[in-house]
Amino acid sequence: MFGKKTESKRAGQIDSLIGAGTRVDGNIRFTGGLRIDGEVKGNIESADGASSSALVLSEYARIEGAVVVGHLILNGT
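Owing to the predicted nature of the structure, the values given are computational and were not obtained by experimental measurement.

1. A look at the sheet that holds strand E10 (residues 71-74)
Phase 1: With parallel pairing, 4 strands are arranged side by side in an open sheet as E1-E4-E7-E10. Across the chains shown, the open sheet's two edge strands, defined by having one partner strand only, are strand E1 (16-18) and E10. Going across the sheet, the axis of each strand differs from the next one's by a mean of 10°, ignoring polarity.
Phase 2: By the bridge criterion, 3 bridges tie E1 to strand E4 (residues 33-36) in an arrangement that is parallel. Counted as the bridge partner of Ile18 is Ile36 from E4.

2. What about the environment of Ser16?
Phase 1: Turning to its location among the elements, Ser16 is positioned in strand E1.
Phase 2: Among the residues examined, Ser16 registers a relative accessible area of 34% and is labelled partly exposed.
Phase 3: A C-alpha to C-alpha distance of 6.4 Å links Ser16 and Arg35, two positions 19 residues apart in sequence.
Phase 4: Excluding residues that lie within four positions of it along the chain, Ser16 makes contacts with Gly33, Leu34 and Arg35.

Conventions and cut-offs
Residues numbered from 1 in each chain as written. Predicted model: local features only at pLDDT ≥ 70, side-chain atom pairs only at ≥ 80, totals over all residues. Heavy atoms only, no water. Pairing = 2+ DSSP bridges. Helix = DSSP H or I, 4+ residues; strand = E, 2+ residues; numbered from the N terminus. Axes fitted to C-alpha atoms, helices over the stretch in contact; angles between N-to-C directions. Buried < 20%, exposed > 50% of the residue type's maximum accessible area, 1.4 Å probe, protein only. Contact = heavy atoms within 4.5 Å.

Just distances and angles here, no functional claims.
Printed below as a string of structure tokens:
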């Protein structure tokens, strides 16, 4: 009851966001979940070996580069 709470991470949880109107020039390495609504000119990869990572691209997202992730939901370009 008063012990230390352990946080459990939900599968498919988004931890980071690159919003619409944002442009990133360079490579991105992430853990957990990442949603992109903007533009990325560079490679995107998960830091945890791609097995438990999730990348969500909205219909407005645009990526120029290689993508290496465990799970991909692609609505963009």
